[in-house]
Amino acid sequence: MITQKGEMSMDFKLSEDQKLIRDMVREFAQKELPDLAAQIDEKPGFPHQIISKMAQLGLFGLFIPEAFSGGGMDLLSLILTVEELSKHCSSIGIFTALQAGVIPYAITRYGTQKQKENYLPRIAAGKLLASISLNEPLFLNQDKTPVLTCRLEGENYILNGFNRLVLAAEEANLFLLIAQDEKQQWKLFLVENGIPGLKITGIENSMSLRDLKLGQMVLDNCIIPAGNLLGKGDIQLEIRADIFETGKLLIAAVSLGIAEMALLKARDYSLERKQFETVIADFEGMRWMMATMQSKVTQIRALLAHAVNLKTAGEPAASEIAIAKMVAAESAIEITLDAIQVYGGYGYMKDFPLERYFREAKATEFILGTRSQQLNIIANKLIQK
Amino acid sequence: MQFKEFSKEHLEFQEEVRDFAQNTLKPMAEDLERKSEFAMDLIMEIGKKGWMGIPIPQKYGGMGKDNISYILALEELAKVCGATAIFVAAHCSLCACPIYYDGTEEQKMKYLVPLASGKKIGSFGLSEPNAGSDAGGTETMAVKEGNQWIINGQKRWITNGSYADVIVFTAQTNKELRHHGINSFIVEKGTPGFSPGNKEDKMGLRSSNTAELLFDDCRIPDENMLGKEGEGFKVFMRTLDDGRISIGVLGLGLGEGALEEGIKFAKENERGGKPLIKYQWVEKLFADTATELEAARHLIYHAAYLKDARVKLSRESAMAKLYASEAGTKACRKMMDLIGKDALNRLFPIQRLLRDAKLMEIGEGTSEVQRIVISRELVGR
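Predicted model only: the values in this text are computed from it and were never measured.

Asks: An account of the packing of helix α7 (residues 280-308) of chain B against helix α8 (residues 314-339) of chain B is requested, with residue identities and associated values reported.
Replies: All names here are of chain B. Running from N to C, α7 and α8 point in directions that differ by 155 degrees, and their axes come no closer than 9 Å. Here α7 lies roughly antiparallel to α8, going by the angle between them. Considering only the axes of α7 and α8, their crossing is left-handed.

Given below as structure tokens:
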């Protein structure tokens, strides 16, 4: 709920540590991000300075075990972090979801001791920037031709294929990629940027996320040492799903952050803007619209809290996570469109961040699975029961 | 859909505009958007075709067609380019039409003829920084001195503002009377004391020009008042009643354009080895969207028909605008869902159509204002 001070209270039951982290990130985000967000939307460019400040604060290592120079915090702490960042700059939120969440989770859970030692401290320190494709299907077509293939040759794997919509493709140093071998077995690889055969061939001209640049990556006979195979070898697709689930919770936190900020701006504006000789917050039409926005924010938060709790407890949560991710994005889109509506003509103009919030909310819908992909997960779980 | 009121001429004209929209305008639309500049060459071409004065009688430089024809033309333009469509809508519905309906014969000969024949560009200045939904709160002042009016104030979000040669605008002549003290005037580009101000940087409709209008002791002759003194509020309320049909049809056209893009995408793509069009959720998406757009189309055409019948249509035009603009945005959103991750790519027109469509829920009265208009018509004030 929004309190009089404009603060949002959390419906998650937070420990003192979690509160400390949230408050620290909130303060950082309020100070550093609002201007940056507008600036990098207009003139796309990788925000190196902010990224290094975040690394200094330890934000990228929050979720990494202490043994590997991380903060050893839980998933909820990272969720809160991403939410606070996304209130002011969603692309930083999304980047953090990958850098501090998806990749560290995959390496910590499935990597070898050597991989953990090699990568996790550098990721925590922000010296290694890690990324994945935000949405790449496994297959090219109905013949089930894989998008990316691998084959073992001596000590090395040879990778061929491509990945699109790779976040920060030019700037990232490390990618987590999935490839299929001749025996139709899946393998996860940690692939370093700049190796021979790996090329970034194009940058999307996209509606949002313009600063971090969504790139297309082509792998042409890339030689990957066997040591870069994540874990011990063949994986089941359940492992990829597990990694994605962590990511989807973080992306739902991005949607939540955008939605909260849009509501806050709409609320403040409705108390300032006078029409018909009174502030527009006095009109029932406006009040109910904002009440509906608030109820959607609360729904996102409740769904997210429920799904995070299940995931943290190690319970099966595929359906709950799909629901939280889908509803969060959908509601964020509706809330940001309504916030534009509260602002009227001003909302349509780039002088105000409202139209940007909408473009950002729209992006959260496809990242790590579109609405229809989530619906299929939910339906499959339902029918299996 | 074909209304029984549609004559062969209507259908031929619709076909003519559709041909231009699909074959000339559509291939240009992305480029116009990227440059975000007013496309003067394109406007000249549209003017030469007579489409800047479709519902204006031939003796005043127009094509002498009815409002149904005009609305059909806007629909075809909006399907491919919201910015071009709103140029025509603002020029014609908000500038040429009020001069035609409320102007003196001299005003019509002097201003309407060049507007309708596409030799001059028109614009309408109503909104102000503090007078959006509440147009009665207009702060721009007009003070009489001899046979001149001295205008001071600022207008904002004025479509075609930087390029207009002729601008119909509103100003207060007596602040105590509030909205009854509002009168409409005509000002020409280049009049001392009048200048266009900053251009707006918008979410969508990016090649359409939106600007401030600044009045600083601008003197205009008495004969430039549009309508009788004291009736200015009535003039612009009727202008808005008519204009709303044109904004509504833009929402409708953009939604139809989105549906066309969605159908094209679904025919060309598959998911999991199955063509998209074979999925039931896709069938539902298309069926629901097409049904809503069809309902919107009926409301719009009906309002245009009432306009031709010269019947009061405040309620019907507000309903048409409310429903069609919301149906348009919804259709764009649904088709974006269908196209999925590619929809975010600026090379796909769908995201432009959605950004364009959102304005139709805001411009010429937000959806909230339409609901007030409709309700007041129902219960009486």
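Read on for the rest.
Asks: Account for empty space enclosed by the protein, with residues named and values stated.
Replies: Residues and elements named next belong to chain A. In the structure shown here, the tally under the stated rule is eleven cavities of 30 Å³ or more. Considered as a void within the structure, the largest cavity measures approximately 210 Å³ in volume. Along the wall of the largest cavity there are 16 residues; nearest its centre are Asn163, Leu176, Ile178, Arg240 and Phe244. Elements that contribute at least two residues to the lining of the largest cavity include exactly β4 (174-180), β5 (186-192) and α6 (237-272). Its residues assigned to classes, the lining of the largest cavity comprises twelve nonpolar, two polar and two charged. Lining the second largest cavity are 14 residues, and of these Asp41, Ser91, Leu209, Asp211 and Glu360 lie nearest its centre. The set of elements that each furnish at least two residues to the lining of the second largest cavity consists of α1 (16-42), α4 (90-110) and α9 (354-366). Looking at the lining of the second largest cavity residue by residue, the classes come out as six nonpolar, three polar and five charged.

Asks: Just give me the short version of the domain arrangement of chain A, but keep the residues and values in it.
Replies: For interface size, the figure often reported is the accessible area lost on association. Residues and elements named next belong to chain A. Entries for chain A in the domain assignment read domain 1 (16-129), domain 2 (148-228) and domain 3 (237-384). Relative placement of domain 1 and domain 2: their C-alpha centres are 22 Å apart. Summed over both partners, the interface of domain 1 with domain 2 comes to about 1700 Å²; 68% of that surface belongs to carbon and sulfur atoms. Of all residues in domain 1, the largest losses of buried area upon contact with domain 2 belong to Phe46, Tyr119 and Leu129, amounting jointly to 30% of the total for that side.

Cut-offs and rules
Residues numbered from 1 in each chain as written. Chains lettered and ligands numbered in written order. Predicted model: local features only at pLDDT ≥ 70, side-chain atom pairs only at ≥ 80, totals over all residues. Heavy atoms only, no water. Axes fitted to C-alpha atoms, helices over the stretch in contact; angles between N-to-C directions. Helix = DSSP H or I, 4+ residues; strand = E, 2+ residues; numbered from the N terminus. Parallel < 35°, antiparallel > 145°, perpendicular 65-115°, else oblique. Left-handed = near helix turned anticlockwise from the far one by under 90°. 1 Å grid on protein atoms, 1.4 Å probe; cavity = no way out; pocket = protein on both sides within 12 Å on 5 of 7 lines; lining within 4 Å. Points joined across faces, edges and corners; volume = space filled by probe spheres on them. Nonpolar A, V, L, I, M, F, W, Y, C, P; charged D, E, K, R; others polar. Domains from an automatic or database assignment. Buried area = accessible area lost by both parts, 1.4 Å probe.

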